[in-house]
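Single-letter residue listing:
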4 protein chains.
Amino acid sequence: MALNRKTTETIKVDRLNQKIALEEAVGSPYFIAHGTHPPTPMITGMKDGLPPYNIPFLEDIDDRLNNVEKGLESMDASGITYATVSLTCPGVEGILDPDEAVELARKTNDAIYELYVKSHPTRFGLFCSVAMKKPEEAAKELERAVKVLGAKGALINGFTNIDKDDVSNVRYLDDPVCEPFWKKLSELDSCPNLSQAAYGFGIETAGHSLRIMCSGILDRYKNVQIILGHCAESLPFLVHRIDHRMAIGIRGNNGPYKKSMMYYLQNNFYATLAGVRRESTMRNTIDEMGESRVLFSVDYPYESNEDAADWFDGMQMNENTRKAIGWENAKRIFKLT
Amino acid sequence: MALNRKTTETIKVDRLNQKIALEEAVGSPYFIAHGTHPPTPMITGMKDGLPPYNIPFLEDIDDRLNNVEKGLESMDASGITYATVSLTCPGVEGILDPDEAVELARKTNDAIYELYVKSHPTRFGLFCSVAMKKPEEAAKELERAVKVLGAKGALINGFTNIDKDDVSNVRYLDDPVCEPFWKKLSELDSCPNLSQAAYGFGIETAGHSLRIMCSGILDRYKNVQIILGHCAESLPFLVHRIDHRMAIGIRGNNGPYKKSMMYYLQNNFYATLAGVRRESTMRNTIDEMGESRVLFSVDYPYESNEDAADWFDGMQMNENTRKAIGWENAKRIFKLT
Amino acid sequence: MALNRKTTETIKVDRLNQKIALEEAVGSPYFIAHGTHPPTPMITGMKDGLPPYNIPFLEDIDDRLNNVEKGLESMDASGITYATVSLTCPGVEGILDPDEAVELARKTNDAIYELYVKSHPTRFGLFCSVAMKKPEEAAKELERAVKVLGAKGALINGFTNIDKDDVSNVRYLDDPVCEPFWKKLSELDSCPNLSQAAYGFGIETAGHSLRIMCSGILDRYKNVQIILGHCAESLPFLVHRIDHRMAIGIRGNNGPYKKSMMYYLQNNFYATLAGVRRESTMRNTIDEMGESRVLFSVDYPYESNEDAADWFDGMQMNENTRKAIGWENAKRIFKLT
Amino acid sequence: MALNRKTTETIKVDRLNQKIALEEAVGSPYFIAHGTHPPTPMITGMKDGLPPYNIPFLEDIDDRLNNVEKGLESMDASGITYATVSLTCPGVEGILDPDEAVELARKTNDAIYELYVKSHPTRFGLFCSVAMKKPEEAAKELERAVKVLGAKGALINGFTNIDKDDVSNVRYLDDPVCEPFWKKLSELDSCPNLSQAAYGFGIETAGHSLRIMCSGILDRYKNVQIILGHCAESLPFLVHRIDHRMAIGIRGNNGPYKKSMMYYLQNNFYATLAGVRRESTMRNTIDEMGESRVLFSVDYPYESNEDAADWFDGMQMNENTRKAIGWENAKRIFKLT
């Protein structure tokens with residue numbers, strides 16, 4: 001902090017070494033998880049038959065989805081002590097055959113557990129995959145993963161394709177057939193559930209979240225806690241307005257919910273910083289959810305651990321809040337030691 | 001401010017009397033503007049054949065859309081000196097026949113001008129309607145409204161239906177055929193354009209805005225200034241992330257834009273407080289756009305002038321910023337005296 | 001929240017009923033606590049022989065300093081479940097004879113305990129008085145008050161007069177002779193200590209705090225936790241600058257401290273909202289200390305419980321943070337149930 | 001912004017090249033300005049006869065106080081286009097003989113004008129020194145400096161010593177004998193006045209400012225605009241509380257002021273960032289004064305231009321506000337082109 005008369009036009013970052021990240025994506029040895037299975041043309045981002053990112057960038061990501069050592073190296077360079085891994089998107093949600101989805105979810109969970117959690121128990125935890133095409137099976141696999149593999153919850157990649165022939169035919173997570181899954185989540189006692197945006201800058205995930213709120217699921221299963229990436233996909237910014245409009249509507253018209261959307265956001269959701277590099281967005285999220293419900297994360301390998309750590313560690317903020325967001329909240333929620 | 005030992009469990013609001021509101025909706029004497037023309041079933045909000053709001057509430061709104069005196073009374077009670085009126089949504093965008101749209105836009109503009117602007121020149125200004133089904137005609141009507149009726153710009157209600165037989169067939173505002181309209185907007189020198197969300201909590205408007213940014217329109221017509229309601233529909237919260245993802249994409253893949261989305265947001269957009277009653281949402285918007293680009297508004301009669309004024313006037317904030325947002329910015333932008 | 005077309009120019013406040021307040025002042029049956037003992041002319045605030053406040057106002061305060069029932073009534077009207085009481089300022093610090101100070105501290109603690117804590121154990125706790133003129137005795141009385149009367153700590157009203165003949169001759173709390181007191185505070189394990197501004201808008205208290213930080217007391221007794229009123233008397237706003245200047249000074253020149261002033265502020269201090277009615281001041285305090293170190297308080301009867309509750313309960317903020325500041329932090333720190 | 005898998009644990013800063021700084025200190029060729037004249041022992045900071053900073057550090061500052069080229073070089077490296085210079089503290093306020101003060105103020109103003117303003121008119125402006133021991137003479141010199149040397153106002157270093165034999169005998173700036181100076185400031189039409197903290201982390205300057213507010217000077221001379229360094233010395237954080245206490249006092253007891261202290265702060269004061277490197281302190285200042293009243297500054301050579309620029313240019317904030325604070329406000333206030 002001493003007086004310095006020269007400038008390198010850079011600001012030094014003091015690396016914080018206890019951070020926990022909650023949205024690290026990995027691949028499956030059994031199928032190509034970043035696409036539907038079998039493959040269908042991607043819906044968005046392609047131009048003249050080419051992907052939206054350049055080839056070396058995509059190859060690097062592909063490599064990192066399956067390279068435990070590179071992940072650990074990157075975590076070490078970034079001061080990330082511990083990360084929960086989960087299957088990249090659309091993952092099991094993109095498997096078009098229901099029975100295959102059930103089977104591949106289980107096999108993939110076992111494989112990820114072996115490679116990451118069992119081999120490096122102090123570094124990795126697991127959010128399991130579940131086949132939401134068969135919600136009863138999803139509930140069973142969730143229970144197995146939590147009890148046998150020590151999973152911290154399930155990660156669901158937004159919509160589930162429910163029609164082999166029409167990939168645009170999808171199911172929302174508040175669909176009544178999903179009830180057994182929510183029931184099981186609740187029985188397993190506040191077991192968090194990572195629900196991640198597949199595309200559209202979070203609009204999809206925000207839509208799922210609002211529907212879950214309106215459906216009364218969070219009244220029936222009060223224990224359920226949902227983790228949203230990207231500072232909860234704009235919900236902290238806009239949910240007051242949704243409540244405001246719904247307050248003048250006819251009660252019950254939008255579902256059997258009992259509380260305000262803001263209430264659910266503040267009591268049943270956590271927001272991660274995955275993909276966020278903007279202080280005012282983080283501040284708005286803390287302003288609306290409280291510092292106990294905001295969690296550091298990266299979205300590796302789609303984001304750089306190193307860049308995210310430079311941003312988070314270098315920000316001017318009080319250390320009590322930084323530690324709470326950086327690792328203390330995650331330790332409390334997931335009962336890590 | 002004196003010491004008070006009793007409580008009425010209310011907080012007194014000192015009414016500020018110079019406020020300017022920019023999103024006051026009115027009806028047309030020529031057609032039912034809050035629906036398509038001819039009518040088609042509403043897409044959302046109906047349940048068991050009933051509207052989402054109760055009948056007295058809807059009747060009150062219907063009345064106020066066409067009642068100048070009630071509007072003035074409400075403005076007086078709320079400390080709103082001046083308001084710009086515009087046709088309620090979907091307005092002309094919902095007229096399915098192109099020629100009819102052109103004609104009704106012109107006739108409606110004249111009618112609103114007579115009823116509001118000419119009769120109460122110190123209280124009302126106009127954002128005209130234009131028929132975006134025929135962008136050349138829209139450009140002509142914009143010019144006429146600005147030059148003859150003193151319009152402050154045009155209000156466009158999101159999508160324009162472009163197919164009589166399929167109302168879901170719509171046109172985005174960055175469609176190449178819209179170019180003449182943007183060109184005219186620019187020629188008329190930084191003439192603001194109110195683009196309002198029809199539904200979906202601003203997702204539609206945010207989508208239009210991002211497409212306009214990506215299309216290069218704001219590079220070709222640098223004067224164009226766009227006003228977005230509802231604190232710019234979450235763009236202040238999330239646009240950094242869009243920039244962040246686009247920065248790792250292939251340049252040009254998403255359009256011929258030259259600057260970042262954040263740059264356009266800060267240089268070509270204004271955000272109004274229409275429909276917003278949340279301080280942290282307003283703060284986030286000021287944080288990302290600067291206090292010179294945030295404007296008080298209400299969204300009357302869908303929102304209550306009185307409630308909005310109580311919120312805005314009663315908030316704890318510095319008076320310099322409150323005045324800038326309350327009226328000084330609007331006076332500067334619209335050259336009001 | 002429903003649409004309202006009339007205005008009463010007030011905003012309704014929903015009363016929160018579990019608040020805890022930490023700076024409620026009471027009198028002593030044994031001496032006039034709001035002046036020196038024996039009386040000396042007040043140093044500031046008098047004009048033409050008259051006090052700075054009007055007589056009915058002063059009489060009301062005098063009454064309330066000794067009226068348990070009025071206090072309870074006011075707490076009920078304000079949603080304050082529990083309050084810690086302490087002797088008003090300058091209290092024992094203004095007793096000029098050391099032995100008398102020791103005796104009156106003990107007798108006053110017993111009296112306040114009987115009147116408030118013993119009679120209303122679910123409503124009141126105690127911060128005891130101690131005679132800092134005799135720090136060894138202060139340590140003893142602190143221990144007795146904590147162990148016998150269940151005191152939550154001691155409240156010290158800034159400077160201690162140390163000279164009968166010259167009231168301007170005062171002792172700072174980092175004076176080496178105070179060491180036994182700090183040692184005892186630490187032994188009693190993170191027993192909080194309310195240190196309140198006597199005058200000068202907190203400059204005195206900020207001065208004490210900075211000297212305590214520089215003295216190394218907080219390195220020698222890491223358990224010590226100090227509660228400051230008035231959002232920590234501007235320290236959140238300015239302490240970064242003190243650190244910044246000290247960083248370019250000669251290490252050790254200002255004392256044997258081991259950490260930054262910001263570190264001590266974030267680890268050894270709590271800030272109360274006593275006397276604060278400004279959201280941005282509260283936000284700055286949360287920004288610098290974290291929401292776990294900010295505590296609701298009033299400063300009754302010098303401030304109005306009712307007004308403070310209207311402000312705190314009516315503010316737009318997330319409920320998680322409001323509860324943390326309103327009562328959860330106090331419950332955790334003072335092990336209340 | 002591209003994805004980066006390595007970390008240098010630094011954050012790159014994009015240098016902004018139009019910044020204006022308002023508190024650059026320089027020396028006088030006629031006397032040692034950073035001490036009283038004749039010298040008296042320093043009041044604070046010395047330990048065992050040594051200064052609080054190390055010798056090379058002090059030598060560097062001494063050199064830079066009189067080295068135009070080093071100043072320009074440092075400004076270039078920091079993206080500071082333009083700076084207003086003023087005599088370092090205590091400057092003329094520390095000259096104990098009144099007539100000598102009058103003479104040295106004039107001669108020093110001429111010398112600084114020659115060295116800085118005349119030689120580098122596009123890079124430097126001047127805040128003149130005035131002898132507040134003789135307020136009539138101060139008014140005259142202010143007028144001469146403004147009209148002949150193009151001075152932007154006067155800089156006053158807090159207290160003025162008014163007694164040769166007792167340096168602790170000082171005059172506050174609201175002393176009635178100062179009235180001619182305030183009158184002249186007002187006549188010269190909103191000519192700003194830099195009032196800088198000499199010591200005590202701004203407590204002195206905050207005290208002067210509050211006394212000036214209470215004295216009615218700002219009611220009698222509404223044009224007067226006062227620039228305070230260090231984010232207005234905590235006034236944005238605490239002035240609401242001063243108003244709150246004064247509101248329950250006897251009107252007029254503290255002076256003939258007509259408005260609240262907050263009103264004066266928002267209408268008659270500017271706050272600079274001199275010496276500030278903390279985002280939340282800057283945010284609180286913007287929150288209370290509005291972005292039009294906050295001004296970038298450094299406090300060179302006591303602070304590093306380069307460090308200050310790295311902080312200011314590197315902060316995550318919207319560019320509209322950054323430009324307003326960085327240079328646009330200064331250009332408007334000082335009519336720079």
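Residues numbered from 1 in each chain as written. Chains lettered and ligands numbered in written order. Predicted model: local features only at pLDDT ≥ 70, side-chain atom pairs only at ≥ 80, totals over all residues. Heavy atoms only, no water.

Labelled according to an unreviewed UniProt entry, chain A appears under the name Amidohydrolase-related domain-containing protein, originating from Lipomyces starkeyi NRRL Y-11557. The record held by UniProt for chain A lists under Sequence similarities (unreviewed entry) the comment "Belongs to the metallo-dependent hydrolases superfamily." (UniProt positions renumbered as here; feature names shortened; annotations may be inferred.)

Draft legend 1. Examining the overall build of chain A more closely. Regarding its fold elements, chain A presents 13 helices and eleven strands. Along the first, second and third principal axes, the C-alpha set of chain A runs to 65 × 50 × 45 Å. Across chain A, every contact between residues at least 6 apart in sequence was considered, and the portion connecting residues at least 24 apart equals 80%. Roughly 12,600 Å² of accessible area belongs to chain A as shown, and the carbon and sulfur atoms make up 54% of that amount. (Helix = DSSP H or I, 4+ residues; strand = E, 2+ residues; numbered from the N terminus. Contact = heavy atoms within 4.5 Å. Areas by Shrake-Rupley, 256 points an atom, 1.4 Å probe, with all protein chains shown as cover.)

Draft legend 2. Summary view of the relation of the copies chain B and chain C. Once chain B is rotated about the relating axis by 180° and shifted along it by 0.0 Å, it coincides with chain C to within an RMSD of 0.0 Å. A rotation of that kind, with that shift, is consistent with a two-fold axis. Relative to the rotation axis, the C-alpha of B:I11 is the closest in chain B, positioned 2.5 Å from it. A share of 100% of the interface residues of chain B reappears at the interface of chain C, consistent with the copies meeting face to face through the same patch. (Least-squares fit on C-alpha atoms with pLDDT ≥ 70 in both.)

Draft legend 3. Spotlight on the interface of chain B and chain C. Counting residues at the interface gives 34 residues for chain B, matched by 34 residues for chain C. Of the roughly 2,900 Å² buried at the junction of chain B and chain C (both faces included), carbon and sulfur atoms supply 43%. Three residues stand out in chain B for area buried against chain C, namely B:R5, B:E9 and B:Q316, and they jointly supply 27% of the buried area on that side. Scanning the region where chain B abuts chain C turns up four salt bridges. In this structure, C:R15 and B:E9 form a salt bridge, with 4.0 Å as the shortest nitrogen-oxygen distance. Inspection of the region where chain B meets chain C yields 23 residue pairs in polar contact (both at pLDDT 80 or more). Of all the secondary-structure elements, those providing two or more residues to the side of chain B that touches chain C are β1 (10–12), α1 (55–65), α11 (279–289) and α12 (305–314) of chain B. Ranked by residues supplied to the side of chain B that touches chain C, first place goes to α12(B) with five residues. Taken together, the residues that form the side of chain B that touches chain C break down as twelve nonpolar, seven polar and 15 charged. As paired elements, β1(B) and strand β1 (residues 10–12) of chain C share three bridges and run antiparallel to each other. Note that in β1(C) the partner of B:T10 across the bridge is C:K12. (Buried area = accessible area lost by both parts, 1.4 Å probe. Salt bridge = Lys/Arg side-chain N within 4 Å of Asp/Glu carboxyl O. Polar contact = N/O pair within 3.5 Å; in protein donor to acceptor, adjacent residues only side chain to side chain. Nonpolar A, V, L, I, M, F, W, Y, C, P; charged D, E, K, R; others polar. Pairing = 2+ DSSP bridges.)

Draft legend 4. Here's a closer look at the interface of chain A and chain B. Chain A puts 39 residues into the contact, and the matching count from chain B is 39 residues. When chain A packs against chain B, the two sides together hide about 3,800 Å² of surface, and 53% of this comes from carbon and sulfur. Summed over the shared surface of chain A and chain B, the number is eight salt bridges. B:E288 is paired through a salt bridge with A:R278; the nearest N and O atoms lie 2.8 Å apart. Our enumeration of links across chain A and chain B arrives at 18 residue pairs in polar contact (both at pLDDT 80 or more). Elements that contribute at least two residues to the side of chain A that touches chain B include exactly α8 (230–233), α9 (235–247) and α11 (279–289) of chain A. The greatest single-element share of the side of chain A that touches chain B, amounting to eight residues, is contributed by α9(A).

Draft legend 5. Here's a closer look at the relation of the copies chain A and chain B. Once chain A has been moved 0.0 Å along the axis and rotated by 180°, it coincides with chain B to within an RMSD of 0.0 Å. When the interface residues of chain A are mapped onto chain B, 100% of them again fall at the interface, so both copies present the same face.

Draft legend 6. Main features of the pattern of salt bridges. Inspection of every chain in the model, using the stated rule, returns 102 salt bridges over all chains. With a closest N to O distance of 3.1 Å, B:D174 and B:R211 form a salt bridge. A residue pair is termed long-range when its members are at least 10 positions apart, and B:D174 in the loop between β7 (170–171) and α5 (179–187) and B:R211 in helix α6 (residues 203–214) qualify at 37 residues. For B:D174, a relative accessible area of 17% gives the class buried. On the basis of relative accessible area, B:R211 is assigned to the partly exposed category, the value being 38%. Among the salt bridges present, the one from C:D63 reaches C:K70, with a minimum N-O distance of 2.6 Å. (Buried < 20%, exposed > 50% of the residue type's maximum accessible area, 1.4 Å probe, protein only.)

Draft legend 7. Looking closely at the environment of C:N157. All names here are of chain C. Turning to its location among the elements, N157 is positioned in the loop between β5 (153–156) and β6 (160–161). Spatially, the C-alpha atoms of N157 and L16 are 30 Å apart, while their sequence positions differ by 141 residues. Polar contacts involving the side chain of N157 include one to the main-chain carbonyl oxygen of P90, which spans 3.3 Å.

Draft legend 8. Here's a closer look at the nonpolar core. Core analysis: the largest hydrophobic core is formed by 162 residues, its most contacted members being C:W182, C:M261, D:W182 and D:M261. The next biggest cluster of nonpolar side chains, apart from the first, holds 161 residues, and it includes A:A145, A:L265, B:L210 and B:M315. (Core = buried A, V, L, I, M, F, W, Y, C linked by side-chain atoms within 4.5 Å.)

Draft legend 9. Quick look at the packing of aromatic side chains. Residue and element names in this part refer to chain C. For the structure shown, the criterion picks out 22 aromatic pairs over all chains. Plain terms: the ring middles of Y116 and F124 are 4.9 Å apart, the flat faces sit at 85° to each other, and that makes the pair edge-to-face. Judged by relative accessible area, which is 5%, Y116 ranks as buried. Lying over the aromatic face of F296, K19 brings its terminal NZ or CZ to 5.8 Å of the ring centre. The ring of Y263 has K259 lying over it, and the distance from NZ or CZ to the ring centre is 4.1 Å. (Phe/Tyr/Trp six-rings, centres within 6.5 Å; stacked < 30°, edge-to-face > 60°. Lys NZ or Arg CZ within 6 Å of the ring centre and 35° of its normal.)

Draft legend 10. Region of interest: the pairing of strand β3 (residues 80–87) of chain D. Residues and elements named next belong to chain D. Counted residue by residue, β3 has seven buried out of eight residues, so it is predominantly covered. Taken together, the six bridges between strand β2 (residues 19–26) and β3 define a ladder with parallel strand orientation. Residue pairing in the sheet places A21 in a bridge with A83 of β3. In this sheet, strand β4 (residues 124–128) lies alongside β3 in parallel orientation, the contact comprising three bridges. Looking at β4, one finds that V85 is bridged to L126. Between the parallel elements β3 and β4, the chain passes through helix α3 (residues 98–118) in a crossover that is right-handed. (Right-handed = clockwise from strand over helix to strand, strands pointing away.)

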